[in-house]
Amino acid sequence: MHDSDTARLRAFAHPLRLRILSLLTGTSMSAAELARELGDTQANVSYHLRMLRQAGLVEVMEEVSVRGGKAKRYGHDPSSGANMPMTIGEEQVLMAAALSTELRRRADSFKPGSKNAVVDADLWVTPELWSEIRTAALELARRLHAGAMPPHASGTIRTSTTMALFEMNEQ
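Reference entry: report on the structure contained in this document. Predicted model only: the values in this text are computed from it and were never measured.

Tallying each qualifying case throughout the model produces 5 salt bridges. A salt bridge links Arg 106 to Glu 102; the shortest N-O distance between them is 3.1 Å. With Arg 106 and Glu 102 both in helix α5 (residues 90-107) and 4 residues apart, the pair spans about one turn of that helix. The two residues Arg 106 and Glu 102 agree in class, both being buried. Linked through salt bridges whose partners overlap, the residues forming this network are Glu 33, Glu 62 and Arg 73.

Turning to the environment of Met 51, a few remarks are in order. Tracing the sequence through the fold places Met 51 in helix α4 (residues 42-54). Here Met 51 falls in the partly exposed class, since its relative accessible area comes to 23%. Residues Met 51 and Phe 12, spaced 39 residues apart in sequence, show a C-alpha to C-alpha distance of 9.4 Å.

Calculation criteria
Residues numbered from 1 in each chain as written. Predicted model: local features only at pLDDT ≥ 70, side-chain atom pairs only at ≥ 80, totals over all residues. Heavy atoms only, no water. Salt bridge = Lys/Arg side-chain N within 4 Å of Asp/Glu carboxyl O. Helix = DSSP H or I, 4+ residues; strand = E, 2+ residues; numbered from the N terminus. Buried < 20%, exposed > 50% of the residue type's maximum accessible area, 1.4 Å probe, protein only.

Read these as layout, nothing more, since geometry by itself doesn't imply function.
Pasting the structure below:
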């Protein structure tokens, strides 16, 4: 794995950065707007935005005038992570830990009585079926990201989706 690949994977592997990427999928936001939405400090959010920008996962979408100054608004193109290296190593463990932490945080926001789908599977399948399922999962993820709206937009519901599909060693 190249150093740039490691940097990109490490950028993904942080719960706050995952939240920032999710928010920036549906709209562009400034560090101040993100901080308000996340309940965090602007300084901390700015730091994580720099890490994500250096990894090529967010980009400046526009600069807007704010009280006589300029504020950068950032956006995230979900396809920027499509070529993320998925080799075995410390980075994948960090990514799994970040996803786990984020899933636990989101579980506190579960809406009782809502329709949901929960899947957990450690299965043996044919390579052909695996390829088909992986392709379908990536298409579902693409559709979700394409339909992402700004936080709290009228007519929207807040949802959570976490998927980690990977081939395992035989053991």
